[in-house]
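Coordinates in review
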Amino acid sequence: MDIRERLQKGFVFFDGGFGTLLQAAGLKPGELPERWNLEKPETISKLHYDYLLAGANILKTNTFGANSFKYPNDESEYGLKNVVTAGIGCARRAIEMLEQRENADDDFFSFQEKKPSGQDAHSRERNQLPAATARGASMSQATCYSDISEDHYVALDIGSLGKLLKPLGDLEFERAYEIFKEIVDAGKDGADLILIETMNDIYEAKAAVLAAKTSGLPVFLTTAYDESGKLLTGADPRTVVAIAEGLNVDAVGVNCSLGPEEMMDIVDELCKYASVPVIVNPNAGLPRSENGRTVYDVGPEDFRGSMIKIAGKGARVLGGCCGTTPAHIKAMSEAVRKLTPLPLCEKEYTLISSYTHSVEFGKKPILIGERINPTGKKRFKEALRAADMDYILQQGLNQQDQRADVLDVNVGLPEIDEPQMMEDVVCALQAICDLPLQIDTTDPVAMERALRLYNGKAMINSVNGKAEVMEQVFPLAKKYGGLVVALTIDEDGIPSTAEGRIKIAENIYKKATEYGIKKKDIIIDPLAMSISAEADSAKVTLRALELIRDRLHGLSSLGVSNISFGLPERELVNSVFFAMAMNSGLNAAIMNPASVEMMKAYYSFCALRNLDDNCTEYIDFAGRYREMVPDKKEGTTEKKPAASSVEYEGDEKYRELVTAIAKGMKDRAGALTGELLGEGIPSMDIINNGLITALDIVGKGFEKKTVFLPQLLMSAEAAGGAFDVIREEMRKSGKKQEIKGRMILATVKGDIHDIGKNIVRVLLENYGFDVIDLGKDVPPELILETAKKENIKLVGLSALMTTTVPAMEETIKLLNRELPDVKTVVGGAVMTGEYAKMINADRYCKDAMETVRYAEEFFAGEQ
């Protein structure tokens, strides 16, 4: 039975954690666990078998860290193909052993393991399929739960590559896709499904999902949240659901980082918004170290109780992650199998998203900023021709400050390369602005390039009733996800009546269904035509809006300002029509958020229709409105709302620089720094009053969870651009930069995940620290040798995986023995304050900004 069919019938159970069990089986600190697929396949099969006896339906292959950063993508002995194939073979062998257990050989697991020599030996071991019994496993027939009549599945397990994608890191999206596809190609023929797990960056998850979908296998996705319910890059569960379902995953959920009780709120959100089955694979609570081994604080009975509650919330696929053992899975599966799962149903939420947050349609009208569009904008056309990205990006930032919910992005000019410009603008805009985007183009090549690289679930503007257009756009919407704007025009033109436009809308809905696109992912634009040319056009459009709402029960969008084309004082007409359209059911408007009249209409309407709790947003707007000065010619503001500036109370001459850095405008920050230096302002004054002040503003926002990692890193990048200008000036003048302190950073032996370490390095360097970055998979001896050679007093260590924490403990022991004056600061996904104390680290820091604060405190004490 296909796993998708099995999911419709009831609960399905994953196995549990592998890392702690491998440690117990003898995995050494820094040793690559996937090598055991080749070197000790019977041990791996035994662990899988124990989970099957415990009641697991799905086995995760021992391939979590298998990628071409660790294993060459070739046919060598320890090449990626062999490692992945062997991992799948170990899981398959365990399932066969379960099926043959009645006639099993008691001694299957008792023979002495020998490390084979050469690929032929590996092949012989992989091809052996001896039977095994429950008596030979650690969980006997008397205590096992698994029913061999149930279906069992092998999930090709794919984990994070351990690198941030551009623009936050140095890994190209397409390169990440290629690496994931290598893994998929290596394992697709032997697996029943693909599990992409422990993802903390939704952009990396997108690359992995797109690669996995090429296999034709079912694809499951689980992401790892922190205690605030956010991914590392800021997404909440609703946003993850929007993106994942847009990419057509077959199940979505949460794993790792947290215990089951800490996941309850996350599970609530996942179950509320997800139409596909929800997966929950928690850790067994918090980790600690005992005698060099990692242990966890939630036992099987407590785990069972929590998982019963999680099943009751609507989760359908249950299992475990770090610290969970066959005993945990047995306790859970025995209890949950007695329950009846909540039915799966379509959740009628229409969502789009950026990489940090989602926007829901259907509650109150959504504002789509129209200013990134060359139509009627001479200056914007010039910017496109000159590739003046600063000007284009500023249009986006301005509209974000003016409270737009979404940004329309249209870069179509006949004389430029629209696909390349669309790609460049979308990527650059997402680097500094976290609003969702509407990809606005009639060029299918430009549309696909933008949708593929877009970090989130976009609006797609647009499709219409013409068969040719639907055939171009709907496959892209199905592949990448999106909310499709559907214009009521077809081969016969724009109908003159509301009924005619509704007929086209119905045809678009029908055609979209044929492509697997749901009605909730279509938003109808009944078109606003100028009343100066067609006197009844406003009445027709308003009636069409009412019919979309009342008859079709659909969503609607309009380019509002078209209604006044050719008239003087257009904002007067636009704002009144906008209010009338909202009252007729308009769900989204493409409009100018800098227009005072339009924003008056919007906030007043929301307050009057009880769409603004306690009139909070109206009152906020009224306060900002007093600082706006209408431009009579354009109907826009000469002065931005007060909220458009970063909260800054320092010297006014640094305000623009602070704002540019806080907004992540690297080129702008560099140019402003050059201007300040040209005015004779000392470089250290610029650093302290401009760069550090800006980083502190963003850093405090990060600590308060009002700013997320992407904004933090882009601000650091902008500060780096300003530093480059200052360094060049210092080089020319012979001055030396002031260094606050020197320290080492390293990801410990056996761990190739350096995302966290790299983030810490970037921020430390921008705060004036000299960082010796030893990279990833660093042996303790190299860290010690470097600390001695460079006279280092502070060492930062990072680890992502449970299996590599012993290497961190070993490094700390070596440093404490050889250099007792050296302090260690540790961090990583598996670390906690208690755990850090147990391995004798001097400080645990939960994130990059806390590490910066500690470094400042430490080196201040050294002076």
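Everything below is about the structure printed above this text.
Residues numbered from 1 in each chain as written. Predicted model: local features only at pLDDT ≥ 70, side-chain atom pairs only at ≥ 80, totals over all residues. Heavy atoms only, no water.

Comments concerning the overall build of the chain
Which entries qualify depends on this criterion: Only runs of H or I of at least four residues qualify as helices and only runs of E of at least two qualify as strands under DSSP, and these elements are numbered from the N terminus. For this measure, only C-alpha atoms enter the radius of gyration; the expected value for a globule follows 2.2 Å times N^0.38, where N is the number of residues. Categorising residues by exposure relies on relative accessible area from a 1.4 Å probe, with only protein chains included: less than 20% of the type maximum marks a residue as buried, more than 50% marks it as exposed, and the intermediate range marks it as partly exposed. For the purpose of counting charges, residues Lys and Arg are taken to be positive, whereas Asp and Glu are taken to be negative. His and the chain ends are not included. Every charge is mapped to an atom, namely NZ of Lys, CZ of Arg, CG of Asp or CD of Glu.
Regarding its fold elements, the chain presents 31 helices and 25 strands. Computed over its C-alpha atoms, the radius of gyration of the chain comes to 29 Å, within 12% of the 29 Å expected for a compact globule of 863 residues. Along the longest, intermediate and shortest principal axes, the C-alpha atoms of the chain span 90 × 70 × 50 Å. Expressed as a percentage of its 863 residues, the buried residues of the chain come to 61%. Separation of charge centres in the chain, based on 102 positive and 130 negative side chains, amounts to 1 Å.

Brief notes about helix 8 (residues 202-213)
What counts here: Any helix carries an expected span of 1.5 Å times its number of residues minus one. Note on definitions: a residue-residue contact is assigned when non-hydrogen atoms from the two residues lie within 4.5 Å.
With twelve residues, helix 8 extends 16 Å between its outermost C-alpha atoms, agreeing within 8% with the 16 Å of an ideal straight helix rising 1.5 Å per residue. Of all twelve residues making up helix 8, eleven are buried, and the element is well covered by its neighbours. Among the residues of helix 8, those classed as buried are Ile202, Tyr203, Glu204, Ala205, Lys206, Ala207, Ala208, Val209, Leu210, Ala211 and Ala212. Along its buried surface, helix 8 packs onto helix 7 (173-187), strand 4 (193-199), strand 5 (219-223), helix 9 (237-246), helix 16 (444-453) and helix 17 (467-480).

Notes on helix 19 (residues 537-550)
Between its first and last C-alpha, helix 19 extends 20 Å over 14 residues, near the 20 Å set by a 1.5 Å rise per residue. Of all the positions in helix 19, only Ser537, Ala538, Val540, Thr541, Leu542, Ala544, Leu545, Leu547 and Ile548 are classed as buried. Contact partners of the buried residues in helix 19: helix 18 (498-514), strand 18 (522-525), strand 19 (555-559) and helix 20 (570-583).

Quick word on the packing of helix 25 (residues 683-703) against helix 26 (residues 709-733)
Rules: Throughout, an axis means a line fitted to C-alpha atoms (over the contacting stretch in the case of helices), and angles, computed between N-to-C directions, take values from 0 to 180 degrees. Convention used here: angles under 35 degrees read as roughly parallel, angles over 145 as roughly antiparallel, angles from 65 to 115 as roughly perpendicular, and any remaining angle as oblique. Put simply, Ala, Val, Leu, Ile, Met, Phe, Trp, Tyr, Cys and Pro go in the nonpolar bin, Asp, Glu, Lys and Arg in the charged bin, and everything else, Gly too, in the polar bin.
It is at 10 Å that the axes of helix 25 and helix 26 come closest, and there the two elements cross at 175°. On the basis of their axis angle, the class for helix 25 and helix 26 is roughly antiparallel. Of the residues in helix 26, those in contact with Ser683, Met684, Ile686, Ile687, Leu691, Leu695, Val698, Gly699 and Phe702 of helix 25 are Leu709, Gln711, Leu712, Ser715, Ala716, Ala719, Ala722, Phe723, Ile726, Glu729 and Met730. The residue makeup of the contact of helix 25 with helix 26, split by class, is 15 nonpolar, four polar and one charged.

Remarks on the pairing of strand 20 (residues 588-591)
Stated formally: Each pair of strands is called paired provided DSSP finds at least two bridges between the two strands. For a crossover, the right-handed case is the one in which the path from the first strand over the helix to the second runs clockwise, viewed with the strands pointing away from the viewer.
With burial as the criterion, each face of strand 20 is covered, one bearing Ala588 and Ile590 and the other bearing Ala589 and Met591. Examined bridge by bridge, strand 13 (residues 366-372) and strand 20 share four bridges and lie parallel to one another. Following the sheet pairing, Ile368 is matched in strand 20 by Ile590. The parallel pair strand 19 and strand 20 is bridged by helix 20, and the resulting crossover is right-handed.

Concerning the sheet that holds strand 13
Backbone hydrogen bonds hold the strands of a sheet together, and the pairing may be parallel or antiparallel. Spatially, the eight strands close up into a barrel ordered 13-14-15-16-17-18-19-20, and their pairing is parallel. Ignoring which end each strand starts from, the neighbouring axes of this sheet average 30° apart. Bridging between strand 16 (residues 459-464) and strand 17 (residues 483-487) involves five bridges; their strand directions are parallel. Paired with Val463 across the two strands is Ala486, which belongs to strand 17. Its contacts with the sheet put helix 19 on strand 18 and strand 19, and the angle it makes with strand 19 is roughly 160°.

Regarding the sheet that holds strand 3 (residues 153-158)
Taken together, eight strands build an open sheet; the order of strands is 1-10-7-6-5-4-3-2 and the sheet is parallel. Because the sheet does not close on itself, it has two edges, and the strands there are strand 1 (12-13) and strand 2 (58-60). For strand 1 and strand 10 (residues 317-318), the ladder comprises two bridges, and the chain directions are parallel. By the bridge assignment, Phe13 is partnered in strand 10 with Leu318.

Considerations on the nonpolar core
Going by this rule: By convention a nonpolar core is built from buried Ala, Val, Leu, Ile, Met, Phe, Trp, Tyr and Cys residues, the set being connected through side-chain atoms within 4.5 Å.
One finds Phe180, Val280 and Leu318 to be the most contacted residues of the largest nonpolar core, which totals 218 residues. Excluding its chain neighbours within four sequence positions, the residues that come into contact with Leu318 are Phe11, Val12, Phe13, Phe14, Val280, Asn281, Met307, Ile310, Ala311, Met332 and Val336. Counting residues in each nonpolar core, the second largest holds 27 residues, with Ala787, Val795, Met831 and Ala836 among its members.

Description of the side chain of Lys377
Keep this limit in mind: One speaks of a salt bridge when a side-chain nitrogen belonging to Lys or Arg is within 4 Å of a carboxyl oxygen belonging to Asp or Glu.
For Lys377, the position within the fold is in the loop between strand 13 and helix 13 (378-386). For the buried Lys377, no salt bridge is present, and the opposite-charge side chain at shortest range is Glu370, 5.5 Å distant. Residues in contact with Lys377, not counting those within four places in the same chain, are Glu370 and Arg371.

Observations concerning the packing of aromatic side chains
Defined as follows: Only rings of Phe, Tyr and Trp enter the pairing, Trp through its six-membered ring, and a pair is recorded when the two centres are within 6.5 Å. The plane angle decides the type: under 30 degrees is stacked, over 60 is edge-to-face, the rest tilted. Cation placement over rings: the criterion is NZ of Lys or CZ of Arg within 6 Å of the ring centroid and within 35° of the ring normal.
One pass over the full model with this rule turns up twelve aromatic pairs. Aromatic rings pair up to connect Phe578, Tyr602, Tyr603 and Phe621 into one cluster. Here the basic side chain of Lys163 rests over the ring of Phe69, its NZ or CZ set 5.3 Å away from the ring centre.

Concerning the pairing of strand 11 (residues 350-353)
Because side chains alternate across strand 11, one face comprises the buried residues Thr350 and Ile352, and the other comprises Leu351 and Ser353, equally buried. In this structure, strand 11 lies alongside strand 12 (residues 358-361), joined through four bridges in antiparallel fashion. Paired with Leu351 across the strands is Glu360, a residue of strand 12. Counting the residues between successive antiparallel strands, the hairpin from strand 11 to strand 12 contains four residues.

Focus: unusual backbone geometry
With omega at 10°, the peptide bond leading from Lys166 into Pro167 counts as cis. Within the secondary structure, Pro167 is located in the loop between strand 3 and helix 7. The backbone of His553 shows a phi angle near 50°, a positive value even though the residue is not glycine. Along the chain, His553 falls in the loop between helix 19 and strand 19. Residue classification places His553 among the exposed positions, given a relative accessible area of 61%.

Quick notes on the packing of helix 9 against helix 10 (residues 264-273)
Definition in use: It is the rotation of the near helix from the far one that decides the hand of a crossing: anticlockwise by less than a right angle makes it left-handed, clockwise makes it right-handed.
Following both chains from N to C, one finds helix 9 and helix 10 inclined at 40°, their axes separated by 8 Å at the closest point. Viewed along their axes, helix 9 and helix 10 adopt a mutual orientation that is oblique. When the axes of helix 9 and helix 10 are compared, the crossing they make is right-handed. On helix 10, the residues touching Pro237, Arg238, Val241 and Glu245 of helix 9 are Ile266, Glu269, Leu270 and Tyr273. Here the residues of the contact of helix 9 with helix 10 are counted per class, giving five nonpolar, no polar and three charged.

These results come straight from atomic positions and should not be treated as a statement about function.
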